[in-house]
Amino acid sequence: MNALLPTSIVGSLPKPSWLAQPETLWSPWKLEGDELLEGKRDALSLAVDEQRLAGLDVVSDGEQTRQHFVTTFIEHLSGVDFERRETVRIRDRYDASVPTVIGAVGRERPVFADDARALRAQTDRRIKWALPGPMTMIDTLSDRHYRSREKLAWEFAKILNQEAKELEAAGVDIIQFDEPAFNVFFDEVGDWGVAALERAAEGLRSETVVHICYGYGIKANTDWKATLGPEWRQYEQTFPLLQRSTIDTVSLESHNSRVPVDLIELLRGKNVMLGAIDVASDQIETPDEVAATLRDALRFVDADRLCPSTNCGMAPLARQVARDKMSALAAGADIVRAELA
Ligand SMILES: [Zn+2]
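Values in this document were obtained by computation on a predicted structure and should not be read as measured data. (Residues numbered from 1 in each chain as written. Predicted model: local features only at pLDDT ≥ 70, side-chain atom pairs only at ≥ 80, totals over all residues.)

Engineer: Please clarify how the environment of Leu-167 should be interpreted in this entry.
Structural biologist: As for its placement among the helices and strands, Leu-167 is situated in helix H5 (residues 149-169). Given 28 C-beta atoms within 10 Å, Leu-167 falls into the buried group. Once the C-alpha coordinates of Leu-167 and Phe-112 are considered, the two residues, 55 residues apart in sequence, prove to be 7.2 Å apart. Excluding anything up to four places from it in sequence, Leu-167 contacts Phe-112, Ala-113, Ala-116, Trp-129, Val-172 and Ile-175. (Helix = DSSP H or I, 4+ residues; strand = E, 2+ residues; numbered from the N terminus. Buried ≥ 20, exposed ≤ 12 C-beta atoms within 10 Å, placed from the backbone. Contact = placed C-beta atoms within 7 Å.)

In structure tokens, the structure reads:
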């Protein structure tokens, strides 16, 4: 296990084809009832093995027990009607049919604690668990109750905090909040987004991460990226706010993106989880390419604060592609670690 340049994936891995249709988002399960429960657990074990074989230092569940990183959490909450669906624009980018908030939202019971315990039982390495962030949750719903994005985000922040504390008790070392919405709604990030995120992370002893990206490698995202011009400066708005926040680590997209690497300087003093693997391409990075991305970033982040990672989740990729990309990530980090020693 490496203390310096600890490697990890952002979150999701492809699911085995006997569990869900591969290379598809929101893919329906192929099993039911107890067989589904057992299948999800088996897939979680495989995800742990694949990360161990690749040589990653921090291990995740690969989101094998979830259909989607936002909706699966929301499905476990009261106050949301999944039968009543409305079409809304998600992240100002694409329309989707989403469930509706019809009353006060609440969490009746822990959502992921059992899965987190299963992950904890399978590895001695540090483990990381991803939850959706409050702003990204409200952006994936239609709200007919609170009629205020800020109020609903605050309620979700309190619920996420309860869940995060139970994950911590289950042995999770690192809690990550996924907030791709932070790359879109800049005024709200400043007005209440960071405050809601800090509320979700309040009182946690584990390391806290916020992941902000340009999304999975799906068409709606690649089309959007094509409109962003030669330099993607979205992080410039949020990084100064996060640098002053209580969140320990910021996860960002870098390799093959048009994000100017010097924006990392805005996070000085925070840990930086750097995307050195492109999840929107099947091309496998070479270890040298990964090393070059890390060296470039080291001009703007202290070596003891750099955590090599992927740009985003790998759910839509083929399994072998995801495995090879994880191996490249670990091998690239090895190169730079040797240089630093
Ligand atoms: Zn992402």
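Additional details are given in the paragraphs that follow.
Engineer: Sorry if this is basic, but what is going on with the packing of helix H1 (residues 33-54) against helix H10 (residues 319-340) here?
Structural biologist: At a minimum axis distance of 8 Å, the contact between H1 and H10 shows a crossing angle of 40°. The orientation of H1 relative to H10 falls into the category oblique. Both H1 and H10 take part in a crossing whose hand is right-handed. The segment H1 lies against H10, with Glu-50, Gln-51 and Ala-54 engaging Arg-323, Met-326, Ser-327 and Ala-330. Its residues assigned to classes, the contact of H1 with H10 comprises 3 nonpolar, 2 polar and 2 charged. (Axes fitted to C-alpha atoms, helices over the stretch in contact; angles between N-to-C directions. Parallel < 35°, antiparallel > 145°, perpendicular 65-115°, else oblique. Left-handed = near helix turned anticlockwise from the far one by under 90°. Nonpolar A, V, L, I, M, F, W, Y, C, P; charged D, E, K, R; others polar.)

Engineer: Sorry if this is basic, but what is going on with the nonpolar core here?
Structural biologist: Soluble globular proteins tend to bury their nonpolar side chains together. Counting 95 residues, the largest nonpolar core has Trp-129, Phe-156, Val-272, Leu-274 and Leu-294 as the members making the most contacts within it. Top element by residues in this core is H5. It accounts for 8 residues. If sequence neighbours within four positions are ignored, Leu-294 has contacts with Leu-274, Ala-276, Leu-306, Pro-308, Gly-332, Ala-333 and Val-336. (Core = buried A, V, L, I, M, F, W, Y, C linked by C-beta atoms within 7 Å.)

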